[in-house]
Structure formats: structure tokens, C-alpha cells
Amino acid sequence: MSRTVITPEDGVVYEFTPDLEPIETVESGASLTVETVDSLEGAVQSEDDLLATVPEEVNAATGPIGVEGAEPGAVLAVEVEEIRLTEATGRVITIEGFGLLDGHEGIDAPRTEMTPVDGEAIRFRDLEVPVSPVIGTIGVAPAEDAYTTLVPHDHGGNLDTTDITAGNTVYFPVFQDGAMLAMGDCKAAMADGEMCGTGSEIATEIDLSLELLEEPAIDLERPLIETADAWKTVASAETLEEACELANRDAIGLLAAEHDFDTTQAYLFSSLVGGLEISQVVDPLVTVRNAVPKAYLSSPL
């Protein structure tokens, strides 16, 4: 099957808004290759390149891509097939005013470390870290408010979630006609939490396929990730506790529907089989996920 190639030259967004217009419209079932630039758009090419502040426009997201027939209430499934690195080095940085330990003693900001790609690893000084590409920012047009590509919310956005990687599928609620998918801000490697505020920021090519679920079995309010062995609800909020509550509520909703539990039974069961995971703690909102093994949750959609 031929792939539609969509590049940053075709269009990027720095804000997910309810009134996005597509740069390309595809059918459900389409196979795409989406090219992305690094989140800093080439501003950092050596360790002498320092960023004093977070750029006003950051995390350029290639798109938006419209999907024919997508209407509010539907779900857009984005299967990530492969992520290829398209430059020879990434970069990990600190910026004053940004990051989990910003302002702490011994933490210098700004600071830049280049992370050259060496086969299946990146190099940080004399250490190797396995290449494991992640899509940092991916989402659809939101229901009402606008969110910059630095912010995660119910539409997706800057989720910085390590499970958004090759082999997994991300499900997004459709809030606007056409869905309006956009993505960028990829990393060659990143740990859960993204503590300093970045991973190894790098340009990529992403192979993916799209499927529109017009009548999903559940009313999906926030992104949901399917891995080989688990379903993971994803939620973002101002505090870690609030994000955990949202992710847990979403998970118990899935469990209740699957097993005909009442809400309390699903809550009790989630405490036995669910697992809270931190995606990132550095963006304007924090993001967590609640993982339920497929042994207890088969196919919620």
C-alpha cells in the first residue's frame, strides 16, 4: 500500500485549537509517513548553543491531518509502525525556569549536551543509551479551549509518554470534524518523567496507519494507549494527584464495562491489577497513565 508523505514544509502547528484546518485529508485506513523536525527546530547544534528561555514557538507538530468522516464522539486509532531518526545527533538541554529540579543547587541552566547517534544507541559523554524513539507531542483538535504544543490535555498534545512508540496504538477522542491529527517533538531516547524537561530531541520519520472507530463501545474522554500486553489510560492535570485520579477513573470505567462491575467493584479491582506510571512532570500540566494488563481488559473499544 502506498503511503502519503506529510512534511513540515506542508505545515506545522504550535497550538491545538478547535478550528484547525487540514493540510491534508485522508481516509480511514490510510498509511502515512509523517516527517518531523526536532522540538527546537535546529536552534541547538552544539554544546555552545544554549537556550536562555523556552522558545515562544516550540514542539512544531506536523499537520493537521484531517480524516474523512471523523465526527465528535468517534475515536481515532493511530497505529505507530516505525519511527526512524533522520539526523546524526540529538540534544538534551536545561533551560532556566523549566524542569523538575529547576533552581536547585548544582543544577546549571542553560546547559546543552549533544547526544550523537551511534548505531542502535545514542552517546551521552562516554555512555551509551539504547535508541528507543518516542513521539513527544501528538494530538487532535480539542473540544473548546486552545492549547499550545507545550501543553498536554484531553486532546493529547505534549504527552511526552514513552509508550507512544513503534508497535503501539494511541486512541484519541474526536472532538472536531476531521479529528485534525498533528505530531512532532520526537526523542531518540527518553525516560519516564522527562525530568530535565527534554529527552534526546531529534528529527524523525514516522510510519503510521489511521483507523476511524465511528461507534466506539465507550465514550472516550482522553487518550488511551494499547501496547502488546496492556491498555493504558492517559490523563493530564495541574497536579500529579489530580492526573492520577483521572487516569484511575478512566481505568475503572473500562474495567466496569468489561466485567459488569459496579463502580466500587471496579475501583477495588483496579487496586489489584492496575499500575500507575508517570509520563512527565515538567510541562505546564503533568501526565500519568494507568496500565491494566490485557489479561483483565481485552478490547474496550
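The structure contained in this document is the topic of the report that follows. Just so it is clear, the structure is predicted and the values come from calculations on it, not from any experiment. Per chain, residues are indexed from 1 in the order of the written sequence. Residue-level local features of this predicted model are given only where pLDDT is at least 70; pairs of side-chain atoms are given and counted only at 80 or more, and the full residue set underlies all totals for whole chains, interfaces and linings. Only hydrogens and water are set aside when side-chain values are computed; all heavy atoms of the structure are taken into account.

1. What about the overall build of the chain?
Argument step 1. Think of it this way: any DSSP run of H or I at least four residues long counts as a helix, any run of E at least two long counts as a strand, and we number them from the N terminus. Secondary structure assignment for the chain yields two helices and 22 strands.
Argument step 2. Taking 2.2 N^0.38 as the reference for a compact globule, 301 residues should give roughly 19 Å; the C-alpha atoms of the chain span a radius of gyration of 19 Å, in line with that estimate.
Argument step 3. C-alpha atoms of the chain, sized along the principal axes, occupy 60 × 45 × 35 Å.
Argument step 4. Three exposure classes are used, based on accessible area relative to the maximum for each residue type with a 1.4 Å probe and protein chains only: buried under 20%, partly exposed in between, and exposed over 50%. Of all 301 residues assigned to the chain, the portion counted as buried reaches 53%.
Argument step 5. Contact criterion: two residues are considered in contact whenever any of their non-hydrogen atoms come within 4.5 Å of each other. When contacts within the chain are restricted to residue pairs at least 6 apart in sequence, long-range pairs at least 24 apart make up 78% of them.
Argument step 6. Per-residue and other accessible areas were derived by the Shrake-Rupley procedure at a 1.4 Å probe size, with only the shown protein chains allowed to occlude residues. Surface summary for the chain: the accessible area is close to 13,100 Å², and the carbon and sulfur share equals 47%.
Argument step 7. One finds the centroid of the 12 positive side-chain charges in the chain at a distance of 8 Å from the centroid of its 59 negative side-chain charges. The globule rule is 2.2 Å times the number of residues to the power 0.38, and the radius of gyration it is compared with is taken over C-alpha atoms. Only four residue types enter the charge count: Lys and Arg as positive, Asp and Glu as negative, with His and the chain ends excluded. Just so you know, the charge point we use is NZ for Lys, CZ for Arg, CG for Asp and CD for Glu.

2. Some points on the pattern of salt bridges
Argument step 1. Counted as salt bridges are all cases of a side-chain nitrogen of Lys or Arg within 4 Å of a carboxyl oxygen of Asp or Glu. All chains considered together, the criterion is met by 23 salt bridges.
Argument step 2. Between Asp 207 and Arg 84 there is a salt bridge whose closest N-O contact spans 2.8 Å. With a gap of 123 residues between them, Asp 207 in strand β18 (residues 204–213) and Arg 84 in strand β7 (residues 75–85) connect regions that are remote in the sequence.
Argument step 3. When the shortest N-O distance is used, the salt bridge between Lys 187 and Asp 185 registers 2.7 Å.

3. What about the sheet that holds strand β20 (residues 230–237)?
Sheet strands pair by backbone hydrogen bonding; their relative direction is either parallel or antiparallel.
Argument step 1. In spatial order, the strands read β1-β5-β18-β7-β16-β19-β20-β22-β21; together these nine strands make up an open sheet with mixed pairing. At either margin of the open sheet sits one strand with a lone partner, and together these are β1 (4–6) and β21 (275–280). For this sheet the average axis-to-axis angle between neighbouring strands, irrespective of direction, equals 25 degrees.
Argument step 2. Pairing between strands is defined by DSSP: at least two bridges between the two strands are required. In this structure, strand β19 (residues 224–226) lies alongside β20, joined through three bridges in antiparallel fashion. When the bridges of β20 are listed, Ile 225 appears paired with Lys 232. Here an angle of 0 to 180 degrees is reported between the N-to-C directions of two axes, which are lines fitted to C-alpha atoms, with helices fitted over the stretch in contact.

4. Here's the deal with the environment of Leu 285
Argument step 1. With respect to the secondary-structure elements, Leu 285 resides in the loop between β21 and β22 (286–293).
Argument step 2. Spatially, the C-alpha atoms of Leu 285 and Met 183 are 18 Å apart, while their sequence positions differ by 102 residues.
Argument step 3. In this structure, Leu 285 is in contact with Val 151, Pro 152, His 153, Ser 236, Ala 237, Glu 238 and Gln 280, ignoring residues within four places of it in sequence.

5. Looking at the packing of aromatic side chains
Argument step 1. What counts as a ring pair is set by centres within 6.5 Å for rings of Phe, Tyr and Trp (its six-membered ring), and what kind of pair is set by the plane angle: stacked under 30 degrees, edge-to-face over 60, tilted for all other angles. Across all of its chains, the model carries three aromatic pairs by this definition.
Argument step 2. Taking the centre distance of 5.6 Å and the plane angle of 80 degrees together, the rings of Phe 269 and Tyr 296 count as edge-to-face. One end of the pair, Phe 269, is in helix α2 (residues 263–273); the other, Tyr 296, is in the segment after β22, and 27 residues separate them in sequence.
Argument step 3. With a relative accessible area of 34%, Tyr 296 lands in the partly exposed category.

6. Observations regarding the sheet that holds strand β11 (residues 127–130)
Argument step 1. Spatially, β8-β9-β10-β11 is the arrangement adopted by the four strands of the open sheet, whose pairing is antiparallel. Every other strand in the sheet has two partners, leaving β8 (89–94) and β11 as the edge strands with one partner each. Direction aside, the axes of adjacent strands within the sheet are offset by 30 degrees on average.
Argument step 2. In this structure, strand β9 (residues 111–118) lies alongside strand β10 (residues 121–124), joined through two bridges in antiparallel fashion. Each bridged residue has a counterpart across the sheet, and for Asp 118 the counterpart in β10 is Ala 121.

7. Notes on unusual backbone geometry
Argument step 1. The omega torsion of the bond from Gly 63 to Pro 64 falls at 5 degrees, within 30 degrees of zero and hence cis.
Argument step 2. Of note, Pro 64 is situated in strand β6 (residues 61–67).
Argument step 3. The peptide bond linking Ala 109 to Pro 110 adopts the cis configuration, its omega dihedral lying at 5 degrees.
Argument step 4. With respect to the helices, strands and loops of the structure, Pro 110 is situated in the loop between β8 and β9.
Argument step 5. Phi is positive for Arg 125, which is not a glycine, with a value near 55 degrees.
Argument step 6. The exposure class assigned to Arg 125 is exposed, which follows from its relative accessible area of 55%.

8. Things to note about the pairing of β21
Note on strand geometry: in a regular strand, side chains alternate between the two faces of the sheet.
Argument step 1. Sheet topology note: the β21/β22 ladder contains five bridges and is antiparallel. From the neighbouring strand, Leu 276 faces β22, where its bridge partner is Asn 290.
Argument step 2. Connecting the antiparallel pair β21 and β22 is a turn made up of five residues.

9. Comments concerning a negative patch on the surface
Argument step 1. Taken together, Glu 71, Asp 177, Glu 214 and Glu 215 make up a surface patch of like negative charges.
Argument step 2. In this structure, Glu 215 sits in the loop between β18 and β19.
Argument step 3. Judged by relative accessible area, Glu 215 falls into the exposed class, the value being 79%. Patch definition: residues with relative accessible area over 30% and no salt bridge; like charges joined within 9 Å; nonpolar side chains (Val, Leu, Ile, Met, Phe, Trp, Tyr) joined within 5 Å.

10. A few points about the nonpolar core
Argument step 1. We define a nonpolar core as any set of buried Ala, Val, Leu, Ile, Met, Phe, Trp, Tyr and Cys residues linked to one another through side-chain atoms lying within 4.5 Å. Leu 32, Leu 76, Ile 135, Leu 181 and Leu 210 are the most contacted members of the largest nonpolar core, which has 31 residues in total.
Argument step 2. Sorting the residues of this core by element identifies β5 (31–36), β6, β7, β12 (134–139), β16 (169–173), β17 (181–187) and β18 as the ones contributing at least two each.
Argument step 3. Dropping the residues within four chain positions of it, Leu 210 is found in contact with Val 26, Ser 28, Gly 29, Ala 30, Leu 32, Val 67, Leu 76, Ala 77, Val 78 and Leu 181.
Argument step 4. With 19 residues, the next largest nonpolar core counts Ala 251, Phe 269, Val 273 and Val 292 among its residues.

Read these as spatial facts, not as claims about activity.
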